[in-house]
Amino acid sequence: MSNPPVLHEDCTGLAPLLGTWKGSGQGHYPTISAFEYLEELTFAHVGKPFLSMQQRTRDASTSAPLHAEYGYLRGVEPGVFELVVAQPSGILEIDAVDVSVTSGGVELNIESVEVPSTSSAKAVSGVRRRIVVDGDEMVSEMWMAAMGEPMTHHLRSSLTRS
Ligand code: HEM
């Protein structure tokens, strides 16, 4: 077995994200009924200047699969980060990421630059995300401008590193 890869120097500020996080969340939006979900989120790396991101969610009461996504958090140069995300709903995100190292970990403020989508996908024109890591606790939030609504809160989850 070879040694585990060393985190790329352009990603050192992202180290507090690494691992698998599990927990629950609540979602809402003016156009849909509120819902509760279970979430599993993994950030990993291979020594190159990006972290991979894999997320899947389930309905909290029925366990039916809900949203899932795959993405890459890219260290472009020291202190500059981008996020690309693909979703099974046909929505893609190209995001700019502001990373702040905090006493307990890291805070990411994420803002879409473009939200391309397939021709059948629901209309989303903007996305904002915030991820706050404090030790082994993470709070993840997401807002979107979609379905004719202005930027509005859609999701909040509280996760623990397992
Ligand atoms: C934790 C992750 C997420 C969960 C659990 C979740 C869950 C849901 C649920 C249950 C609905 C209502 C039923 C449905 O249309 O399927 C919904 C609607 C929607 N979600 Fe999410 N979602 C998540 C993330 C996202 C993300 C990242 C985006 C876009 C960037 C997004 C965009 C939408 C849109 C556009 C709708 C349709 C609203 C409408 O039909 O009026 N969701 N979501």
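Okay, so let's go over this structure. (Residues numbered from 1 in each chain as written. Predicted model: local features only at pLDDT ≥ 70, side-chain atom pairs only at ≥ 80, totals over all residues. Heavy atoms only, no water.)

Quick notes on the coordination of the iron atom of the ligand
Convention followed: Each metal site is built from N, O and S donor atoms within 2.8 Å (3.2 Å for Na, K and Ca), and since water is not included, such sites may look incomplete. We count a stretch as a helix when DSSP gives it H or I for four or more residues in a row; a strand needs E for two or more, and each element gets its number in order from the N terminus.
Coordination of the iron atom of the ligand by the protein involves just one donor, His154 (NE2), at a distance of 2.3 Å. For His154, the location among the structural elements is in strand E10 (residues 152-161).

Some points on the site of the ligand
Test applied: To be near a molecule or strand, a residue needs just one of its heavy atoms within 4 Å of it. For the purposes of these results, a polar contact is taken to be a pair of N or O atoms within 3.5 Å, where, inside protein, one atom must be able to donate a hydrogen and its partner to accept one; residues adjacent in sequence count only when each atom of the pair is a side-chain atom. A cavity here means a set of 1 Å grid points, computed over protein atoms only, where a 1.4 Å probe fits but cannot escape. A pocket is an open set with protein on both sides within 12 Å along at least 5 of 7 lines, and lining residues have an atom within 4 Å of a point. Any molecule with more than half of its atoms within 2 Å of a cavity's or pocket's grid points is regarded as sitting in that cavity or pocket. Only Asp, Glu, Lys and Arg are considered charged, only Ala, Val, Leu, Ile, Met, Phe, Trp, Tyr, Cys and Pro nonpolar, and every remaining residue, Gly among them, polar.
Close to the ligand lie 19 residues, the nearest being Thr31, Phe35, His67, Lys122 and His154. Contact between the ligand and Lys122: an oxygen atom at 2.7 Å from a side-chain N or O atom of the residue. In a pocket analysis with a 2 Å cut-off to the grid points, the ligand is assigned to the largest pocket. For the shell around the ligand, the secondary-structure elements that each account for two or more residues are strand E2 (32-44), strand E3 (50-59), strand E4 (65-77), strand E8 (124-134), strand E9 (137-146) and E10. Looking at the shell around the ligand, its residues break down into 9 nonpolar, 6 polar and 4 charged.

Thoughts on the pairing of E4
Note the threshold: DSSP bridges decide pairing: two strands pair if at least two such bridges lie between them.
Direction of pairing for E3 relative to E4: antiparallel, over a ladder of 8 bridges. Counterpart to Phe50 in the pairing with E4 is Arg74. The hairpin formed by E3 and E4 contains 5 residues between the paired strands, and Ser63 there has a positive phi angle of roughly 70°. By the bridge criterion, 7 bridges tie E4 to strand E5 (residues 80-86) in an arrangement that is antiparallel. Bridge assignment links Tyr72 to a residue of E5, and that residue is Val84. Here E4 hands over to E5 after 2 residues, with Gly79 in that stretch at a positive phi of 85°.

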